[in-house]
Amino acid sequence: IFSMHGLIQRYGYEKMIINRNNIIKLSENLSVDAEIKGRSLWQDAISRFLKNKAAVLSLVTILIILLFSFLGPYFAVWNNEEIDWSILGDIAALGSPSIETGHFFGTDELGRDLYSRVIQGTKISLMVGVVGAFIAVVVGTLYGAIAGYFGGRIDSIMMRLVDILMSIPYMFVLILLLVIFGRSIFMLFVGIGMISWLDMSRIVRGQTLSIRKKEFIEAAIATGVSNFTIIIRHIIPNLLGVVSVYATLLIPGMIITESFISFLGLGIQEPNTSWGALISEGADTIRYGTIWQLLFPLFFFVISLFSFFFLGDGLRDALDPKDR
């Protein structure tokens, strides 16, 4: 009241009316601005990701390949194990791609429909990549988070074990596992996943060392939260960005490893198949002019690898803008 009385005496009543109107307009503008909502970190990450055309196109490509693997069998005329006896034995007339015969991608040297076999190979190759990456992420994240959080002697012992395992050629270990326990899809999943977690554990351990001294971790310790709860509820959620990016980049590596093993004849066994097995068969019969037997599985293989790599780069840029 005394402030208003002093202003009236100094500036006059008319100027006070003008100031009052300006104050009202300012309050209205502030109320409008107060209605504007901020965006979370994940919303900012999604916005940055959508601006990356290569990453968005890669994501769409991966979704199309997944739809092809699940919906493709409904359009298939031949089963992946069914033999077309009308062309069997005639290498010169080996079934080329034809809509009339129902062999959309042609046939292999045994007269089996390549379209159905590519669908089956897509399922198995993607399954190996996703399951193997999932195993590597779960094991590596937990192992690296525990080592980085406790530090000291525990960290030293756990990391020396990782160094010893990394000194062993991973391809030798994978082949040894397949020879001892049998060449099954399950052992291929386990073998690839249990080898690939080593790099993940080192990455997670380094990130954990950088955040274990943060204020929210010290606050959790001060309030009596257990170490296990801190690792699961405070440390690992703050590593999801790095883990998700590395997991995306792990999938193509898993697919390449499986394809190489299958190319050597130690991976997926008949009647099942994969991209690596199909590429190996196509390379053997290309001298007969059956280019389609190599072209179609190689096309899906290359497109998928490029898509996963571009998707991983897009996620890295979106989740870690400081890296640019």
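This is a predicted model, so every value here is computed, not measured.

1. Thoughts on the overall build of the chain
Then, number 1: Each helix and strand in the chain was counted, giving 13 helices and zero strands.
Then, number 2: For the chain, the proportion of contacts with a sequence separation of at least 24, taken over those separated by at least 6, is 73%.
Then, number 3: Accessible area of the chain: about 18,800 Å², with a carbon and sulfur share of 67%.

2. Brief notes about the nonpolar core
Then, number 1: Formed by 64 residues in total, the largest nonpolar core has its most connected members in I235, L250 and I255.
Then, number 2: Looking at which element gives the most residues to this core, the answer is helix α5 (residues 114-150), with 14 residues.
Then, number 3: When sequence neighbours within four positions are dropped, the list of residues in contact with L250 reads A133, A136, V137, S196 and M200.

3. Comments concerning the packing of aromatic side chains
Then, number 1: A complete count under the given rule lists twelve aromatic pairs for this structure.
Then, number 2: Joined through ring pairs, the aromatic side chains of F68, F104, F105, Y115, F296, F299 and F300 make up one cluster.

4. A short note on the pattern of salt bridges
Opposite charge on two side chains lets them pair, provided their charged atoms get close.
Then, number 1: On inspection of all chains with the given rule, the structure shows six salt bridges.
Then, number 2: A salt bridge links D163 to R202, with the shortest nitrogen-to-oxygen separation between them at 2.7 Å. With D163 in helix α6 (residues 152-167) and R202 in helix α8 (residues 185-211), the pair connects residues that are 39 residues apart, well separated along the chain.
Then, number 3: By relative accessible area, D163 is classed as partly exposed at 30%.
Then, number 4: Taking the relative accessible area as the measure of exposure, R202 reaches 39% and is therefore partly exposed.
Then, number 5: Shared partners join several salt bridges into a network, and the residues in it are D108, R112, R117 and E281.

5. Observations concerning the confidence of the model for the chain
Caution applies to low-pLDDT parts of the model: their predicted coordinates are not meant to be read in detail.
Then, number 1: Taken over all residues, the pLDDT of the chain has a mean of 78, while the share at 70 or more is 83%.
Then, number 2: Taken element by element, the chain is modelled with least confidence in helix α1 (residues 2-11), mean pLDDT 50, and with most confidence in helix α4 (residues 53-71), mean pLDDT 91.
Then, number 3: Within the model, pLDDT remains below 50 along residues 13-18, and this stretch shows four contacts once partners closer than five positions in the same chain are excluded.

6. Remarks on the environment of I175
Then, number 1: For I175, the position within the fold is in helix α7 (residues 170-181).
Then, number 2: On the basis of relative accessibility, which here comes to 25%, the residue I175 falls in the partly exposed class.
Then, number 3: Each C-alpha atom, one on I175 and one on L188, is 9.4 Å from the other, the two residues being 13 residues apart in sequence.
Then, number 4: With residues up to four places along the chain from it excluded, the contact list for I175 reads I261 and L266.

7. Some details on helix α10 (residues 227-235)
Then, number 1: Among the residues making up α10, those that are buried are I230, I231 and I235. Taken end-on, α10 shows its buried residues confined to a sector of 100 degrees, consistent with a single buried face. Exposed positions of α10 whose direction lies more than 90 degrees from the buried face are F228 and R233.
Then, number 2: Elements that come into contact with the buried residues of α10 comprise α5, α8 and α9 (215-222).

8. Description of the environment of F105
Then, number 1: By secondary structure assignment, the location of F105 is in the loop between α4 and α5.
Then, number 2: Here the alpha-carbon distance between F105 and V118, two residues 13 residues apart in the chain, equals 8.6 Å.

The rules behind these values
- Residues numbered from 1 in each chain as written.
- Predicted model: local features only at pLDDT ≥ 70, side-chain atom pairs only at ≥ 80, totals over all residues.
- Heavy atoms only, no water.
- Helix = DSSP H or I, 4+ residues; strand = E, 2+ residues; numbered from the N terminus.
- Contact = heavy atoms within 4.5 Å.
- Areas by Shrake-Rupley, 256 points an atom, 1.4 Å probe, with all protein chains shown as cover.
- Core = buried A, V, L, I, M, F, W, Y, C linked by side-chain atoms within 4.5 Å.
- Buried < 20%, exposed > 50% of the residue type's maximum accessible area, 1.4 Å probe, protein only.
- Phe/Tyr/Trp six-rings, centres within 6.5 Å; stacked < 30°, edge-to-face > 60°.
- Salt bridge = Lys/Arg side-chain N within 4 Å of Asp/Glu carboxyl O.
- pLDDT = per-residue confidence, 0-100.
- Arc of directions from axis to C-beta.

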